[in-house]
Amino acid sequence: GVSRATCHAIPASAASSQLRESGEMAPRSDASRTELLWLLFQALGGQSGGSLLSAPLFKYAGLCGFPGGEDEWAEEYAFLASTYNFDPNVGANSVQFRIFADDEKGFAYIDDELLKQALSELGADLPEQQAREELIPKLFGLLGVDDHGELNVNHLFGAVV
């Protein structure tokens with residue numbers, strides 16, 4: 001039998017015994033996780049309106065600890081497409097990718113820690129780190145500072161009014 005790919009943070013040797021049937025596949029609503037999954041989709045080669053075929057999804061499975069080779073992956077990919085209702089000749093679009101990557105009861109789920117690790121391995125920048133570093137100086141610049149380089153009540157009050 002084919003060992004089902006898993007992105008659960010478990011040893012690859014245990015992955016084959018961890019196949020869990022999919023329950024409801026409702027996407028999670030965490031906006032930052034959704035953004036990270038979109039970045040992963042892009043890092044794997046998917047673009048807006050595009051899809052990921054077998055080769056980039058094999059890379060995804062490898063990042064998640066899939067222990068098999070290309071021959072095993074071909075069968076696994078067909079199972080993934082069948083389970084998550086996408087045409088294997090077209091590939092998974094960004095919504096379908098997010099659904100199976102977010103399906104905590106499914107075999108292709110990726111947890112938050114592994115998601116960030118996968119993005120790092122693919123060289124993708126995490127958005128919240130950049131945004132915070134860029135936004136804080138901009139915010140202080142907009143609010144203005146006093147002669148000592150500090151914000152005071154008048155600056156904050158002026159920003160609110």
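Residues numbered from 1 in each chain as written. Predicted model: local features only at pLDDT ≥ 70, side-chain atom pairs only at ≥ 80, totals over all residues. Heavy atoms only, no water.

## Considering unusual backbone geometry
- In this structure, Asn85 is a non-glycine residue whose phi angle is positive, near 55°.
- Following the sequence through the fold, Asn85 ends up in the loop between helix H4 (70-83) and strand S2 (92-93). (Helix = DSSP H or I, 4+ residues; strand = E, 2+ residues; numbered from the N terminus.)

## Looking at the nonpolar core
- Judged by nonpolar contacts, the single largest core of 30 residues is most densely connected at Leu57, Tyr60, Phe97, Phe100 and Ile110.
- Those elements giving two or more residues to this core turn out to be helix H2 (31-43), helix H3 (54-63), H4, helix H5 (94-102) and helix H6 (112-121).
- Once residues lying within four places of it in the same chain are set aside, the contact partners of Leu57 are Leu52, Trp73, Tyr77, Leu80, Phe86, Ala92, Phe97 and Phe100. (Core = buried A, V, L, I, M, F, W, Y, C linked by side-chain atoms within 4.5 Å. Buried < 20%, exposed > 50% of the residue type's maximum accessible area, 1.4 Å probe, protein only. Contact = heavy atoms within 4.5 Å.)

## Here's the deal with the packing of H3 against H4
- Viewed as axis vectors pointing N to C, H3 and H4 meet at an angle of 100°, and their least axial separation amounts to 10 Å. If you check the angle between H3 and H4, you find them roughly perpendicular. Between H3, through Ser54, Leu57, Phe58 and Ala61, and H4, the contact on the second element is made entirely by Glu70, Trp73, Tyr77 and Leu80.
- Across the contact of H3 with H4, the residue classes tally to six nonpolar, one polar and one charged. (Axes fitted to C-alpha atoms, helices over the stretch in contact; angles between N-to-C directions. Parallel < 35°, antiparallel > 145°, perpendicular 65-115°, else oblique. Nonpolar A, V, L, I, M, F, W, Y, C, P; charged D, E, K, R; others polar.)

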